[in-house]
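Architecture at a glance
So the chains spell out like this:
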Amino acid sequence: DAGVTQSPTHLIKTRGQQVTLRCSPKSGHDTVSWYQQALGQGPQFIFQYYEEEERQRGNFPDRFSGHQFPNYSSELNVNALLLGDSALYLCASSWTGNEQYFGPGTRLTVT
Amino acid sequence: GEDVEQSLFLSVREGDSSVINCTYTDSSSTYLYWYKQEPGAGLQLLTYIFSNMDMKQDQRLTVLLNKKDKHLSLRIADTQTGDSAIYFCAEKAGKLIFGQGTTLQVKP
């Protein structure tokens, strides 16, 4: 049984560009959450998707948006990239939102 | 408000017990979690405890919850070098709120 998968593994972008990160949840899970982890910090909650709707959102600007597809996979989009957006982006999946299982993350570097 | 605090660093000798502590602020948290993160990797769910429990044991791991003081601890028995990692405590009040992480160094 495959766990949570994320793509790409690493990404380098320039300030002002846009990026899309992808996540496939663990089999049987219907809820996907996204987190941003800056170097040396704990993960910060961005938003959570359930039944293709954003169910909850953290303190992130509208430049961060997402989508969930009928097969429960999800995308995170970030527009107008800033240097401060450089981080590890983690996707977590769960059934009902309780036990969240994390993927390996996408390392985004903005130059 | 929502806040989770952990001490930043713990060093132990192989074979000793490790105790990692955490305090949280949201009394409405239903579950409290411990995650492990190795360098360059995602987070691995180690264990969790429901807020109406005082203790949970899972092999070498023991979680203690003092709900009155909003204090959570993780005890690792017989700590091994493979346990060296960053350990995050997290509370769930709808969304997961993480602490800054405790780096556990295990010396041979």
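For the structure, check the block above.
All values derive from a computational prediction rather than experimental measurement.

Parameters and conventions
- Residues numbered from 1 in each chain as written.
- Chains lettered and ligands numbered in written order.
- Predicted model: local features only at pLDDT ≥ 70, side-chain atom pairs only at ≥ 80, totals over all residues.
- Heavy atoms only, no water.
- Salt bridge = Lys/Arg side-chain N within 4 Å of Asp/Glu carboxyl O.
- Helix = DSSP H or I, 4+ residues; strand = E, 2+ residues; numbered from the N terminus.
- Phe/Tyr/Trp six-rings, centres within 6.5 Å; stacked < 30°, edge-to-face > 60°.
- Buried < 20%, exposed > 50% of the residue type's maximum accessible area, 1.4 Å probe, protein only.
- Disulfide = S-S within 2.5 Å.
- Pairing = 2+ DSSP bridges.
- Axes fitted to C-alpha atoms, helices over the stretch in contact; angles between N-to-C directions.
- Contact = heavy atoms within 4.5 Å.
- Buried area = accessible area lost by both parts, 1.4 Å probe.
- Polar contact = N/O pair within 3.5 Å; in protein donor to acceptor, adjacent residues only side chain to side chain.
- Nonpolar A, V, L, I, M, F, W, Y, C, P; charged D, E, K, R; others polar.

A side chain with one charge can pair with a side chain of the opposite charge if their charged atoms come near. Residues and elements named next belong to chain A. Under the counting rule described, the total for this entry stands at six salt bridges over all chains. Measuring nitrogen to oxygen at the nearest pair gives 3.5 Å for the salt bridge that ties Arg22 to Glu75. Taken together, the positions of Arg22 in strand E3 (residues 19-24) and Glu75 in strand E8 (residues 74-78) put the pair 53 residues apart, joining distant regions of the chain.

Under the counting rule described, the total for this entry stands at 14 aromatic pairs over all chains. Judged by centre distance (6.0 Å) and plane angle (75°), the ring pair of Phe102 of chain A and Phe98 of chain B falls under edge-to-face. In this pair, Phe102 of chain A is assigned in strand E10 (residues 101-102) and Phe98 of chain B in strand E10 (residues 95-98), connecting two distinct chains. Taken individually, Phe102 of chain A and Phe98 of chain B each receive the classification buried, so the pair is uniform in this respect. Seen from their ring centres, Tyr35 of chain B and Phe98 of chain B are 5.6 Å apart, and the 55° between their planes marks the pair as tilted. Of the two residues, Tyr35 of chain B sits in strand E4 (residues 31-37) while Phe98 of chain B sits in strand E10, which places them 63 residues apart along the sequence. In this structure Tyr35 of chain B comes out as buried when scored by relative accessible area, which is 0%.

So, about the state of the cysteines. Working definition: the covalent bond between the sulfur atoms of two cysteines is a disulfide. All names here are of chain A. All chains considered together, the criterion is met by two disulfides over all chains. Residue Cys23 pairs covalently with Cys91 via a disulfide, S to S 1.8 Å. Disulfide Cys23 to Cys91: torsion about the S-S bond roughly -55°, handedness left-handed. Remark: Cys91 occurs in strand E9 (residues 87-94) and Cys23 occurs in strand E3; sequence separation between them is 68 residues.

All names here are of chain A. Spatially, the four strands line up as an open sheet ordered E1-E3-E8-E7, and their pairing is antiparallel. The open sheet has two free edges, formed respectively by strand E1 (5-7) and strand E7 (64-68), since each of these has just one partner strand. Strand-to-strand, the axes of this sheet are offset by a mean angle of 20°, without reference to chain direction. Of the pairings in the sheet, the one linking E1 to E3 comprises three bridges and is antiparallel in character. Among the inter-strand pairings, Thr5 is bridged to a residue of E3, identified as Ser24.

Residues and elements named next belong to chain A. Burial of the side chains of strand E11 (residues 106-110) is restricted to one face: Thr106, Leu108 and Val110 are buried, whereas none of Arg107 and Thr109 on the reverse face is. One ladder, built from four bridges, connects strand E2 (residues 10-13) with E11; its direction is parallel. Within E11, the residue paired with Lys13 across the bridge is Val110. Pairing of E9 with E11, which is carried by three bridges, proceeds in the antiparallel orientation. Looking across to E11, one finds that Ala87 is bridged to Leu108.

Chain B puts 18 residues into the contact, and the matching count from chain A is 18 residues. Taken together, the two surfaces of chain B and chain A that pack against each other cover about 1,500 Å², and 51% of this comes from carbon and sulfur. Our count for the contact surface shared by chain B and chain A stands at zero salt bridges. The interface formed by chain B and chain A holds three residue pairs in polar contact (both at pLDDT 80 or more) in total. Put simply, the parts of the chain that give the side of chain B that touches chain A at least two residues each are E4, strand E5 (43-50), strand E9 (85-93) and E10 of chain B. Considering each element in turn, the side of chain B that touches chain A owes the most residues, four residues, to E4 of chain B. Of the residues belonging to the side of chain B that touches chain A, the class tally is 11 nonpolar, five polar and two charged.

Okay, the environment of Phe47 of chain A next. Among the structural elements, Phe47 of chain A can be located in strand E5 (residues 44-50). Taking the C-alpha atoms as reference points, Phe47 of chain A and Asn59 of chain A, 12 residues apart in sequence, are found 8.9 Å from one another.

What follows covers the sheet that holds strand E8 (residues 71-76) of chain B. Residues and elements named next belong to chain B. Spatial ordering of the open sheet is given by E1-E3-E8-E7-E6, a layout of five strands whose pairing is antiparallel. Strands with a single pairing partner mark the edges of an open sheet, and in this sheet they are strand E1 (4-6) and strand E6 (55-58). Neighbour-to-neighbour, the strand axes of the sheet open up by a mean angle of 15°, direction not taken into account. Examined bridge by bridge, E1 and strand E3 (residues 18-24) share three bridges and lie antiparallel to one another. Its bridge partner being in E3, Glu5 is matched across the sheet by Thr23.

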